[in-house]
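Descriptive analysis of the structure
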Amino acid sequence: MKVTKQEILRPKINNIESIETDTLYQRINNDPTTNSAIQCLTELLQRQEKQMQELKEEITKANQEIKKLDSKVTPPKKKCGRKQKKYYYDTGLVDDAELLRLIDGEFITISKLEKKVGAKKNVLRRRYERLKAKENNSNP
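We now turn to the structure provided with this report.

**What to know about the packing of helix 4 (residues 110-117) against helix 5 (residues 123-138)**
Here helix 4 crosses helix 5 at 125°, and the two axes come no closer than 8 Å. Judged on the interaxial angle alone, helix 5 and helix 4 are oblique. The handedness of the crossing between helix 4 and helix 5 is right-handed. On helix 5, the residues that touch Ile110, Ser111, Leu113, Glu114 and Val117 of helix 4 are Val123, Leu124, Arg125 and Tyr128. Partitioned by chemical class, the residues of the contact of helix 4 with helix 5 number six nonpolar, one polar and two charged.

**Examining unusual backbone geometry**
Its identity as a non-glycine residue notwithstanding, glutamate 106 has a phi of 55°, on the positive side. Relative to the assigned elements, glutamate 106 resides in the loop between helix 3 (96-104) and helix 4. Of note, the phi angle at asparagine 122 is positive, near 65°, even though the residue is not glycine. Within the secondary structure layout, asparagine 122 lies in the loop between helix 4 and helix 5. By relative accessible area, which is 23% here, asparagine 122 ends up partly exposed.

**Observations regarding helix 3**
Restricting attention to buried positions, one finds in helix 3 the residues Leu99, Leu100, Leu102 and Ile103. Axial view of helix 3: buried residues confined to an arc of 165°, hence all on one face. In this structure, the buried side of helix 3 is in contact with strand 1 (88-89), helix 4 and helix 5. Remark: glutamate 106 follows helix 3 within two positions and exhibits a positive phi of approximately 55°.

**Describing the packing of helix 3 against helix 5**
Relative orientation of the contacting elements helix 3 and helix 5 amounts to 95°, with a least axis distance of 10 Å. When the axes of helix 3 and helix 5 are compared, the pair comes out roughly perpendicular. Between helix 3 and helix 5, the contacting residues are Asp96, Leu99, Leu100, Ile103 and Asp104 on the first element and Leu124, Arg127, Tyr128, Leu131, Lys132 and Glu135 on the second. When its residues are assigned to classes, the contact of helix 3 with helix 5 shows six nonpolar, no polar and five charged.

Reading guide: rules and limits
Residues numbered from 1 in each chain as written. Predicted model: local features only at pLDDT ≥ 70, side-chain atom pairs only at ≥ 80, totals over all residues. Heavy atoms only, no water. Axes fitted to C-alpha atoms, helices over the stretch in contact; angles between N-to-C directions. Helix = DSSP H or I, 4+ residues; strand = E, 2+ residues; numbered from the N terminus. Parallel < 35°, antiparallel > 145°, perpendicular 65-115°, else oblique. Left-handed = near helix turned anticlockwise from the far one by under 90°. Contact = heavy atoms within 4.5 Å. Nonpolar A, V, L, I, M, F, W, Y, C, P; charged D, E, K, R; others polar. Buried < 20%, exposed > 50% of the residue type's maximum accessible area, 1.4 Å probe, protein only. Arc of directions from axis to C-beta.

This is the structure we're talking about:
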């Protein structure tokens, strides 16, 4: 007989995988022969179960908040058409604001500006007209 081998003897429970969680908890809680290790494990399991329930509740609340925010946000519209080509005049970019300033301030005509920056015919004229139409529609 070998006495030096120290293993904890654990009883084998048949089909333990198929037993429902509630039934397992009932067996653990109602067993009068439980030792301190099993009681500690039971407490740990109950704490983890409680934490998991709290986290599930937080996840559902967060998902509800996300759905509310998604319904309030409108998706950005895709811009149709071509990208605007960049033109430079006197080492400065001729963007929308600069185009309006040059033409409205009568510093240069549209046709002369198109020639100086190398734009094709009526490109800047149409851009200017669209900007003016947008400006008029936004300020009724």
